[in-house]
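Next come the chains, spelled out residue by residue.
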Amino acid sequence: MSDSEGDKEVIGPATPEHAPGIGLALGGGMARGFAHIGVLNVLQRHNIRPSIVTGTSIGAVVGASYLAGKLGEFEKWALSLNRMRILSYLDFRVRSAGMIGGKKLFRILEQNFKDMDIEDLPYPFIAIAADLVTGHEVWLRKGSLIEAMTASFALPGVFPPVERNHRFLVDGALVNPVPVAPAQAMGARMTIGVDLNADIIGKAAKPGQGYQTVAGFDLFNEADVPLEEQAKYTSTLTKRLFKRQEHSPSLFGVMVSALGIMQDRMTRSRLAGDPPDIHIKPQIGDIGLLEFEKAEELIARGEDAAVKVLPEIKDAMEVFLPPHE
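Cut-offs applied
- Residues numbered from 1 in each chain as written.
- Predicted model: local features only at pLDDT ≥ 70, side-chain atom pairs only at ≥ 80, totals over all residues.
- Heavy atoms only, no water.
- Phe/Tyr/Trp six-rings, centres within 6.5 Å; stacked < 30°, edge-to-face > 60°.
- Helix = DSSP H or I, 4+ residues; strand = E, 2+ residues; numbered from the N terminus.
- Buried < 20%, exposed > 50% of the residue type's maximum accessible area, 1.4 Å probe, protein only.
- Bend = angle between axes of the 7 residues up to and from the residue.
- Contact = heavy atoms within 4.5 Å.
- Pairing = 2+ DSSP bridges.
- Patch = residues over 30% accessible without salt bridge, like charges linked within 9 Å, V, L, I, M, F, W, Y side chains within 5 Å.
- Areas by Shrake-Rupley, 256 points an atom, 1.4 Å probe, with all protein chains shown as cover.
- Salt bridge = Lys/Arg side-chain N within 4 Å of Asp/Glu carboxyl O.
- Lys, Arg positive; Asp, Glu negative; His and termini not counted.
- Charge placed at Lys NZ, Arg CZ, Asp CG, Glu CD.
- Right-handed = clockwise from strand over helix to strand, strands pointing away.
- Axes fitted to C-alpha atoms, helices over the stretch in contact; angles between N-to-C directions.
- Left-handed = near helix turned anticlockwise from the far one by under 90°.
- Nonpolar A, V, L, I, M, F, W, Y, C, P; charged D, E, K, R; others polar.
- Parallel < 35°, antiparallel > 145°, perpendicular 65-115°, else oblique.
- Core = buried A, V, L, I, M, F, W, Y, C linked by side-chain atoms within 4.5 Å.

(A) Spatial organisation of the packing of aromatic side chains. For the structure on display, the rule yields 4 aromatic pairs. Arranged with centres 6.0 Å apart and planes meeting at 65°, the rings of phenylalanine 34 and phenylalanine 74 form a pair that is edge-to-face. Within this pair, whereas phenylalanine 34 is found in the loop between strand 3 (22-26) and helix 1 (35-45), its partner phenylalanine 74 is found in helix 3 (residues 71-79), the two being separated by 40 residues in sequence. Pair check on accessibility: phenylalanine 34 and phenylalanine 74 agree, each one buried. A ring pair is formed by phenylalanine 153 and phenylalanine 159, whose centres lie 5.5 Å apart and whose planes are at 70°; its orientation type is edge-to-face. When its relative accessible area of 18% is taken as the criterion, phenylalanine 153 is described as buried. For phenylalanine 159, a relative accessible area of 16% gives the class buried.

Here is the structure:
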């Protein structure tokens with residue numbers, strides 16, 4: 001079932017059937033999304049349990065893992081990542097709608113979420129995607145959980161779009177990087193938004209460097225990946241895409257950096273119109289969007305950000321969720 005609301009399209013039941021409580025909106029940010037794990041770890045330790053979860057891109061993956069009871073497994077996998085393992089997951093394609101086919105990553109999702117539907121989760125969940133043709137914001141609220149996650153993180157040009165209901169869906173960060181409004185629409189009495197794009201200072205170029213390092217690393221840096229190993233996973237074309245010259249970004253780095261700029265501006269605009277009651281802003285701007293091997297540091301910074309706002313969360317809960325109700 002699909003119904004329209006302005007420039008948004010909702011796939012799933014239109015009326016929430018749950019007791020309203022805390023809505024958690026997890027923003028997009030590629031590798032920086034591992035900070036969400038740290039935020040959720042802190043919330044769980046303090047018995048703060050969201051009853052509605054919405055997520056964009058990597059936020060959808062972390063949010064689904066949390067509701068499915070697999071956050072621990074996801075964290076363990078994230079901590080196991082290194083440069084070589086990341087390369088092994090990248091099935092590069094030339095004649096495709098995306099540079100990366102995504103089949104290897106899809107198999108990882110299948111190992112944990114096979115045959116699981118969004119309706120199987122204990123609380124309402126919404127993954128945000130964008131319609132490639134109309135530009136509409138699409139709220140995925142029923143059906144295959146894996147399909148919803150992959151649609152939400154299908155970064156244009158990198159991963160191919162996901163076809164669903166005769167539409168091609170791509171990364172939800174293009175339209176709603178921190179999906180607070182969907183949580184509010186589901187009836188959340190209080191919203192917590194986790195924004196991965198708020199650290200402007202951290203994103204600034206390093207002294208003496210004329211460009212940002214938001215793309216993170218030189219994927220084929222010989223110091224990290226020996227030449228003989230690079231050959232196993234890459235072609236001449238992909239090396240040209242990812243290899244950068246001294247003092248300048250790679251082609252892929254430019255593309256990812258441009259996405260970061262757009263996402264930053266879109267986040268500010270959307271949060272100005274739909275501000276969360278609690279705004280969690282991990283200080284992670286100095287970590288690149290592709291530095292997946294820095295999971296431990298990202299998780300720790302997510303925990304730090306959540307701990308700082310714990311007093312605000314508890315005060316807000318007393319106002320929005322009084323005990324006698």
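(B) Focus on the environment of threonine 191. By the secondary structure assignment, threonine 191 is in strand 9 (residues 190-194). In this structure the C-alpha to C-alpha distance between threonine 191 and leucine 24, which are 167 residues apart in sequence, comes to 5.8 Å.

(C) A look at helix 12 (residues 295-320). The largest bend along helix 12 reaches roughly 50° and is located at valine 309, with the proline proline 311 sitting one to four residues downstream. Listed as buried for helix 12 are Ala295, Leu298, Ile299, Arg301, Gly302, Ala305, Ala306, Val309, Leu310, Ile313 and Ala316. The elements touched by buried residues of helix 12 are helix 1, helix 3, strand 9 and strand 10 (278-280).

(D) Summary view of the environment of phenylalanine 34. Exposure remark for phenylalanine 34: the relative accessible area of 1% places this residue in the buried category. Taking C-alpha positions, phenylalanine 34 is 5.7 Å from leucine 298, a pair spaced 264 residues apart along the chain.

(E) Broad picture of the pairing of strand 6 (residues 137-140). Burial of the side chains of strand 6 extends over both faces: Glu137 and Trp139 are buried on one face and Val138 and Leu140 on the other. Alignment of strand 5 (residues 125-131) against strand 6, held across 4 bridges, turns out to be antiparallel. Bridging from a neighbouring strand, isoleucine 128 pairs with tryptophan 139 of strand 6. The loop that links strand 5 with its antiparallel partner strand 6 comprises 5 residues; one of these, glycine 135, has a positive phi angle of about 80°.

(F) Quick peek at a negative patch on the surface. Together, Glu110, Asp115, Asp117, Glu119 and Asp120 give the surface a local cluster of negative charge. Mapped onto the elements of the fold, aspartate 117 is located in the loop between helix 5 (103-113) and strand 5.

(G) Up close: the pairing of strand 4 (residues 52-56). When you tally the buried positions in strand 4, you get 5 out of 5 residues, the bulk of the element. Along strand 4, one buried face is formed by Ile52, Thr54 and Thr56 and the opposite face, lined by Val53 and Gly55, is buried too. One ladder, built from 4 bridges, connects strand 3 with strand 4; its direction is parallel. Its bridge partner being in strand 4, glycine 23 is matched across the sheet by isoleucine 52. The β-α-β motif built from strand 3, the intervening helix 1 and the parallel element strand 4 has right-handed crossover chirality. In the sheet, strand 4 pairs with strand 5 via 4 bridges, with the strands oriented parallel. Bridged to threonine 56 within strand 5 is isoleucine 128.

(H) Main features of the packing of helix 1 against helix 3. The contact between helix 1 and helix 3 brings their axes to 11 Å, and the two run at 140°. Helix 1 and helix 3 meet at a crossing whose hand is left-handed. Here helix 1 contributes Ile37, Leu40, Asn41 and Gln44 to the contact with helix 3, which in turn contributes Leu71, Phe74, Glu75 and Ala78. Of the residues assigned to the contact of helix 1 with helix 3, the class counts are 5 nonpolar, 2 polar and 1 charged.

(I) Expanded view of the packing of helix 3 against helix 12. Where helix 3 contacts helix 12, the axes come no closer than 8 Å and their chain directions differ by 135°. In terms of orientation, helix 3 and helix 12 fall into the oblique class. Residue-level contacts link Glu75, Ala78 and Leu79 of helix 3 to Ala295, Glu296 and Ile299 of helix 12.

(J) A look at the nonpolar core. Residues Phe34 and Phe125 are the most contacted members of the largest nonpolar core, which totals 67 residues. When residues in this core are grouped by element, the largest group, 9 residues, is from helix 12. Residues in contact with phenylalanine 34, not counting those within four places in the same chain, are Phe74, Trp77, Ala78, Leu81, Phe292, Ala295, Leu298 and Ile299. Judged by nonpolar contacts, the second largest core, of 10 residues, contains Ile126, Ile128, Trp139 and Ala188.

(K) Expanded view of unusual backbone geometry. Here the phi dihedral of asparagine 47 falls at roughly 55°; this positive angle occurs in a residue that is not glycine. Tracing the chain through its elements places asparagine 47 in the loop between helix 1 and strand 4. Of the residues examined, asparagine 47 reaches a relative accessible area of 55% and is grouped as exposed. Of note in this structure, aspartate 115 is not a glycine but carries a positive phi near 65°. Tracing the sequence through the fold places aspartate 115 in the loop between helix 5 and strand 5. For aspartate 115, a relative accessible area of 68% puts it in the exposed group.

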